Amino acid sequence: MCIDCGCGSALLAAPKRPAGATRRRTLEQQLLGRNAATAHENRSWLKEKGIHAINLLAGPGAGKTTLLEQTLIRLMAHRPAPQLRVIEGDQQTSLDAERILQTGVPAVQINTEKGCHLNAGMIQTALRALYPDTGQRPLTEEHRKKDSGSLLFIENIGNLVCPALWDLGENAKVVLFSVTEGEEKPLKYPDMFAAADLILVSKIDLLPHLRFDLDRALESCRRINPEAPILSLSAITGEGLTAWLDWLLTLPSQALPRGARLAPGKTRLASARFTQVPPREADLARP
Amino acid sequence: MHEVSLALEVLDLLTHHPETAGAPRLLNLKIRVGALSGVDPDALQFALESLAEGTLLEDAQLELIRIPGSAHCPACCAQKTIEFQLSPCPDCGHFPLTEIEGTDLVIQDIEFPPHPLNPGGA
């Protein structure tokens, strides 16, 4: 019986907490759980559409955009040419997306403003803008054919720290560092290099002008990530690009060392601004 | 660098969590941060303290529980301390190691102040 008024409620008869008692609750909430859920949605969506997404990661100035331009130009010339799309991430400006559009490949720009990385929510929004045909509607066989053999490049924010933590739902993480950055880059930023499915050493055309020991750089990579293949290349001279293109074109059939395996989470940054650079008519008509 | 984003995520999660939604403030918040999580606990604490004003964390004591990174080396048949997830064994160089621990990034528990309608208990 209720001890307060004698109403007979067992619920109210529950013993009260002692004077001034605090209440503790166990949450066990994964901090990146929401990002992980959105990344999982992105991954499923991309898989269903036959699109292979590459998260391109590097510090500022490693040559991500230049490499991407040269890569796209060569992939477009390849037969059969895969369908290509690009998501560009920067804190500000749509300069990079404009450079990509010059190659004829449709691109959207994400500006994170204060944010130091892309997250899965931003990618989800960008996917809707990049693949309007297949949006939220059920897939037709025609769409499935059209999108199969598709490559989506996501150029992350120039930063070797934060983007390592945010899973976007990509198939592969490709980490790039240039010979002007020093041989120990992988040792200094181990989280990023440990997460890589492929490591690229860029700007090797500059080697004659530098005291950069390529063997030591490869050794640094190996110490952090013994599994990921390493390719050295120059987007300017084209040296080493063939191996990189082969890796991309065989991506659908590859068993990657990690990529989807290390899957952390998502943050929906309220300040993230999304700008779509409209593809030109001619670009959209491209198969 | 990304700790501010994570602190914002903590606030957002707590604001919308069924246990804490509508709670005016918390007394205590415990977050487990593993050495292999890629997150600096000091930076996360600083970010949370900086963002706490006007939120349910304003008066809360923040406890960041550090979990060391460790893994089992099948070659040495022993547990080893490691500094990042894909480390080879620091002693014999064996790779890969198994049973990796210390990747936690978890809001462990929260503590509410005494209920205002029950300040003196029964």
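Cut-offs applied
Residues numbered from 1 in each chain as written. Chains lettered and ligands numbered in written order. Predicted model: local features only at pLDDT ≥ 70, side-chain atom pairs only at ≥ 80, totals over all residues. Heavy atoms only, no water. Helix = DSSP H or I, 4+ residues; strand = E, 2+ residues; numbered from the N terminus. Rg over C-alpha atoms; globule rule 2.2 N^0.38 Å. Buried < 20%, exposed > 50% of the residue type's maximum accessible area, 1.4 Å probe, protein only. Contact = heavy atoms within 4.5 Å. Pairing = 2+ DSSP bridges. Axes fitted to C-alpha atoms, helices over the stretch in contact; angles between N-to-C directions. Phe/Tyr/Trp six-rings, centres within 6.5 Å; stacked < 30°, edge-to-face > 60°. Lys NZ or Arg CZ within 6 Å of the ring centre and 35° of its normal. pLDDT = per-residue confidence, 0-100. Core = buried A, V, L, I, M, F, W, Y, C linked by side-chain atoms within 4.5 Å. Salt bridge = Lys/Arg side-chain N within 4 Å of Asp/Glu carboxyl O.

A.B. asks: An account of the overall build of chain B is needed here, citing residue identities and associated values.
C.D. replies: If you tally the helices and strands in chain B, you get two helices and six strands. Here the C-alpha atoms of chain B give a radius of gyration of 19 Å, more than 25% beyond the 14 Å that 2.2 N^0.38 yields for 122 residues. C-alpha atoms of chain B, sized along the principal axes, occupy 60 × 35 × 20 Å. Looking at chain B residue by residue over its 122 residues, the buried ones come to 48%.

A.B. asks: Could you give an account of the environment of Leu 14 of chain B, naming the residues involved and the relevant values?
C.D. replies: Along the chain, Leu 14 of chain B turns up in helix H1 (residues 3–16). Leu 14 of chain B sits 42 residues away from Leu 56 of chain B along the chain, and the two C-alpha atoms are 8.3 Å apart. Each residue touching Leu 14 of chain B, except ones within four places of it in the same chain, is listed here: Leu 27 of chain A together with Thr 20, Ala 21, Leu 26, Leu 29, Leu 56, Leu 57, Ile 107 and Ile 110 of chain B.

A.B. asks: I'd love a proper account of the pairing of strand S6 (residues 105–112) of chain B, names of residues and values included.
C.D. replies: Of all eight residues that make up S6 of chain B, eight are buried, and the element is covered over most of its length. Sheet topology note: the strand S1 (residues 23–30) of chain A/S6 of chain B ladder contains six bridges and is antiparallel. Pairing of Thr 26 of chain A across the sheet is with Asp 109 of chain B, part of S6 of chain B. In this sheet, S6 of chain B lies alongside strand S1 (residues 28–34) of chain B in antiparallel orientation, the contact comprising six bridges. Bridged to Lys 30 of chain B within S6 of chain B is Asp 109 of chain B.

A.B. asks: Which residues make up the sheet that holds strand S3 (residues 70–73) of chain B, and what values do they have?
C.D. replies: Residue and element names in this part refer to chain B. On the basis of which strands lie adjacent, the open sheet formed by three strands has the order S4-S3-S5 and antiparallel pairing. Of all the strands in the sheet, the pair left with one neighbour each is strand S4 (78–81) and strand S5 (98–101). Shown here is a sheet whose adjacent strand axes are inclined to one another by a mean of 25°, direction ignored. Strand direction decides the pairing type here: S3 and S4, joined by four bridges, are antiparallel. What sits directly across from His 72, in S4, is Gln 79.

A.B. asks: Tell me about the environment of Pro 252 of chain A, and name the residues and values.
C.D. replies: Along the chain, Pro 252 of chain A falls in the loop between helix H9 (241–249) and strand S9 (273–275). Residues Pro 252 of chain A and His 52 of chain A, spaced 200 residues apart in sequence, show a C-alpha to C-alpha distance of 6.9 Å.

A.B. asks: Which residues make up the packing of aromatic side chains, and what are the values?
C.D. replies: Tallied over the entire structure, the rule returns three aromatic pairs over all chains. Over the aromatic face of Phe 112 of chain B sits the side chain of Arg 23 of chain A, whose NZ or CZ is 4.4 Å from the ring centroid.

A.B. asks: Tell me about the pairing of S3 of chain B, and please be specific about residues and values.
C.D. replies: Where a strand is regular, its side chains alternate between the two sheet faces. Residue and element names in this part refer to chain B. Of the two faces of S3, the one carrying Ser 70 and His 72 and the one carrying Ala 71 and Cys 73 are both buried. Where S3 folds back on S4, the antiparallel hairpin that results is connected by four residues, among which Cys 77 adopts a positive phi of roughly 55°. In this structure, S3 lies alongside S5, joined through two bridges in antiparallel fashion. Across the sheet, residue Ser 70 finds its bridge partner in S5, namely Glu 101.

A.B. asks: Residue-level account of the confidence of the model for chain B, with values.
C.D. replies: Model confidence for chain B is summarised by a mean pLDDT of 88, while 93% of its residues fall at 70 or above. Across the interface, the model reports ipTM at 0.83; the global pTM reads 0.80.

A.B. asks: Outline unusual backbone geometry, listing residues and values.
C.D. replies: A cis amide bond links Arg 79 of chain A with the next residue in sequence, Pro 80 of chain A, at an omega value of -5°. Even without being a glycine, Glu 99 of chain B presents a positive backbone phi close to 50°. Its relative accessible area of 55% is what places Glu 99 of chain B among the exposed residues.

A.B. asks: I'd like a description of the confidence of the model for chain A, backed by residues and values.
C.D. replies: Residue and element names in this part refer to chain A. Across chain A, the average pLDDT comes to 82, with 77% of residues at 70 or higher. By mean pLDDT, the top-scoring element of chain A is strand S7 (residues 198–202) (97), and the lowest-scoring one is S9 (36). Contacts for the low-pLDDT stretch residues 1–6, under 50 throughout, to residues beyond four places or in other chains number 11 contacts.

A.B. asks: An account of the sheet that holds strand S2 (residues 61–67) of chain B is requested, with residue identities and associated values reported.
C.D. replies: Strand order in the open sheet made by the four strands is S1(A)-S6(B)-S1(B)-S2(B), with mixed pairing throughout. A strand with exactly one partner marks an edge of an open sheet, and here the two such strands are S1 of chain A together with S2 of chain B. Neighbour-to-neighbour, the strand axes of this sheet turn through a mean angle of 15°, independent of strand direction. Both S1 of chain B and S2 of chain B contribute to a ladder of seven bridges, which runs parallel. Following the sheet pairing, Arg 32 of chain B is matched in S2 of chain B by Ile 65 of chain B. On the sheet, helix H2 (residues 41–51) of chain B packs against S1 and S2 of chain B and is oriented at approximately 165° with respect to S2 of chain B.

A.B. asks: Run through the nonpolar core, naming residues and quoting values.
C.D. replies: Ranked by size, the top nonpolar core spans 32 residues in total, and within it Phe 153, Leu 200, Trp 244 and Leu 248 of chain A carry the most contacts. For this core, the secondary structure elements donating two or more residues are strand S2 (51–57), helix H2 (64–77), strand S3 (83–90), helix H3 (95–102), strand S5 (150–155), strand S6 (172–178), S7 and H9 of chain A. Leave out the neighbours within four places in its chain, and Leu 200 of chain A touches Leu 67, Val 174, Val 175, Leu 176, Phe 177, Leu 231, Leu 233 and Trp 244 of chain A. In terms of nonpolar packing, the next biggest core, distinct from the first, is built from 30 residues, Ala 23, Val 33, Leu 48 and Leu 62 of chain B among them.

A.B. asks: For the pattern of salt bridges, give the residues involved together with the corresponding values.
C.D. replies: All names here are of chain A. Applying the stated rule across the entire model yields 19 salt bridges over all chains. Across the salt bridge formed by Arg 43 and Glu 170, the nearest N and O atoms sit 3.9 Å from each other. Here Arg 43, found in helix H1 (residues 33–49), pairs with Glu 170, found in the loop between S5 and S6; they are 127 residues apart in sequence, far enough to count as distant. A single network of salt bridges, built from pairs that share partners, joins Arg 43, Asp 167, Glu 170 and Lys 173.

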